[in-house]
Amino acid sequence: AKPGRAPEPHPREAARAQRRVETQVAQIENSSNYAGFQHRTQGTFFQPHPEKRYQVHNATYANEVEKLRPKSTSKAEFLSRRGEVMSHAKSA
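On a predicted model such as this, the values are computed, not experimentally measured, just so you know. Just so you know, the residues in each chain are numbered from 1, in the order the chain's sequence is written. Given that this is a predicted model, residues contribute local features only at a pLDDT of at least 70 and side-chain atom pairs are listed and counted only at 80 or more, while totals for whole chains, interfaces and linings are drawn from all residues. To get the side-chain values, all heavy atoms of the structure are used, and hydrogens and water are removed first.

A. Looking closely at the overall build of the protein chain. Under the DSSP-based scheme used, a helix requires at least four consecutive residues in state H or I and a strand at least two consecutive residues in state E, with every element numbered from the N terminus. On a plain count of helices and strands, the protein chain comes out with three helices and zero strands. Of the regular secondary structure in the protein chain, the N- to C-terminal order runs α-α-α. Exposure is judged per residue with a 1.4 Å probe applied to protein chains only, and the accessible area is read against the type maximum: over 50% gives exposed, under 20% gives buried, and values in between give partly exposed. For the protein chain, with 92 residues in total, the buried portion stands at 9%. Residue burial considers only the protein chains on display, and all accessible areas are found by Shrake-Rupley using a 1.4 Å probe. Just so you have it, the protein chain exposes about 9400 Å², and 54% of that area is on carbon and sulfur atoms.

What follows is the structure, given as structure tokens:
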């Protein structure tokens, strides 16, 4: 490479320009038929995107572990503890 010369563009730039041209051609070919445009662009010259995988780990989101198993108590026990200082409450 000669000094002072810009590097070659990334191949992605050429692919982006090609995709833009192909999209415009598909729009012209199917100017009155959107379903045809969708069919043309989804199946032929665009690379299909793989489906994303979402994983939720309870160790990462520790605050969501107890939501599905709420603690319950009897009415008598609730009334007997009424007025106590809640030193171990989750919301405190």
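Now that the structure is up, let's keep going.
B. Broad picture of the side chain of Asn30. Structurally, Asn30 can be placed in the loop between α1 (11–29) and α2 (34–43). In this structure Asn30 comes out as buried when scored by relative accessible area, which is 19%. With residues up to four places along the chain from it excluded, the contact list for Asn30 reads Gly36, Phe37 and Arg40. Any two residues having at least one pair of non-hydrogen atoms within 4.5 Å are treated as being in contact.

C. Up close: the pattern of salt bridges. For this analysis, a salt bridge means a side-chain nitrogen from Lys or Arg found within 4 Å of a carboxyl oxygen belonging to Asp or Glu. Taken as a whole, this structure holds three salt bridges when the rule is applied. Its salt-bridge partner being Arg5, residue Glu8 comes within 3.2 Å of it at the nearest N-O pair. Summarising the burial analysis for this pair, Glu8 and Arg5 share the class exposed. The salt bridge partner of Arg16 is Glu13, with a shortest N-O separation of 3.6 Å.

D. Region of interest: the packing of aromatic side chains. Note on ring pairs: Phe, Tyr and Trp rings are taken, using the six-membered ring of Trp, and paired if centres are within 6.5 Å. Classes follow the plane angle, with under 30 degrees stacked, over 60 edge-to-face and the rest tilted. For the structure shown, the criterion picks out one aromatic pair. Seen in terms of ring centroids, Tyr34 and Phe37 are 6.0 Å apart; in terms of plane orientation they differ by 35 degrees. Their pairing is tilted. Of this pair, Tyr34 and Phe37 both sit in helix α2, three residues apart, which is roughly one turn of that helix.

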